[in-house]
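# Structural features, examined
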Amino acid sequence: VLVVLHPGAGDGIQAMKAGLLEVADVLVVNKADQPGAERLQNDLEEAVHVRFLAGRDWRPLVVPCSAGKNEGIDAVVEAIARHRAWLEQHDLEGLRRTKRLAQVRHALTEGLIEALWEERGLARRAERELAAERAPRDVAGALLSDILGHLPPEEGESEASA
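Only a predicted model underlies this, so the values are computations on that prediction, with no experimental measurement involved.

It is worth spelling out the packing of aromatic side chains at this point. A complete count under the given rule lists one aromatic pair for this structure. Judged by centre distance (5.7 Å) and plane angle (45°), the rings of Trp58 and Trp86 are tilted. Of this pair, Trp58 sits in the loop between helix H3 (37-51) and strand S3 (61-64) while Trp86 sits in helix H4 (residues 73-89), and the two are 28 residues apart along the sequence. Look at Trp58 and you get buried, because its relative accessible area is 7%. Residue Trp86 is classed as buried on the basis of its relative accessible area of 16%.

This paragraph deals with the environment of Ala37. Tracing the backbone shows Ala37 in helix H3. Separated by 28 residues in the primary sequence, Ala37 and Cys65 place their C-alpha atoms 9.6 Å from one another. Leave out the neighbours within four places in its chain, and Ala37 touches Pro7, Val29, Lys31 and Ala32.

Next up on the list: the nonpolar core. Of all hydrophobic cores here, the largest spans 13 residues; its most connected members are Leu21, Leu27, Val29, Leu44, Val48 and Val62. Elements with a contribution of two residues or more to this core: strand S1 (2-5), strand S2 (26-29) and H3. With five residues, H3 is the largest single contributor of residues to this core. Among the nonpolar cores identified, the runner-up in size contains 11 residues, and Val28, Trp58, Cys65 and Leu92 belong to it.

Residues Leu122, Ala123, Ala126 and Glu129 constitute the buried set of helix H6 (residues 122-131). All buried residues of H6 lie within an arc of 125° about the axis, which places them on one face of the element. Along H6, exposed side chains directed more than 90 degrees from the buried face belong to Arg124, Glu127, Arg128 and Ala131. Buried residues belonging to H6 abut helix H5 (92-119) and helix H7 (136-149). Directly after H6, the chain includes Glu133, whose backbone phi takes a positive value near 65°.

Conventions adopted
Residues numbered from 1 in each chain as written. Predicted model: local features only at pLDDT ≥ 70, side-chain atom pairs only at ≥ 80, totals over all residues. Heavy atoms only, no water. Phe/Tyr/Trp six-rings, centres within 6.5 Å; stacked < 30°, edge-to-face > 60°. Helix = DSSP H or I, 4+ residues; strand = E, 2+ residues; numbered from the N terminus. Buried < 20%, exposed > 50% of the residue type's maximum accessible area, 1.4 Å probe, protein only. Contact = heavy atoms within 4.5 Å. Core = buried A, V, L, I, M, F, W, Y, C linked by side-chain atoms within 4.5 Å. Arc of directions from axis to C-beta.

Here is the structure:
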C-alpha cells in the first residue's frame, strides 16, 4: 500500500489519526520541494520509528519526491521494489491475511467507538460516573463489562456457557 502525502494542511497528523501508518508499506512525501516537506518527512519517519520498534518485520519506508518536477520518482519505484522483494522472502499470503484482518479491526474499532460513545450514550454515562468521582479506569471497566455482557455467545457456544 502506497500512501502519498504532501506538506501543509496537517497531512502527517491526519495520517497518524486515520491509521494510515498501519496500512502503509511506503509513505511518499510528494511536493518535497515545498516548505514543510522536510518537517512532514521527519514527522513520518519518527512516527514509523516509534510505531514499529518491535512486532513487525517490515517498517514502512518514507520517500520524498516531487512528481510534478519528475524528481525522486526512481526512489519511490525503488522503495516499492524493496517492499516487493521483502514480501517474496516472507509468507505473502499470510501477511496479506494479517494486514486485512488488522484493517477490519481498525474499521470495527472506529465504528464501535462512534456508535457506542455517541449514539448509545456512553459519553453521557461516563460523564455522570466521573462526576461521582469514580476513577476513569474504573468507569471504563464498568462500561466495558456492560458492553461485553450484551454480546451474543460465540458460534457454537450455548447461552448457559457464555
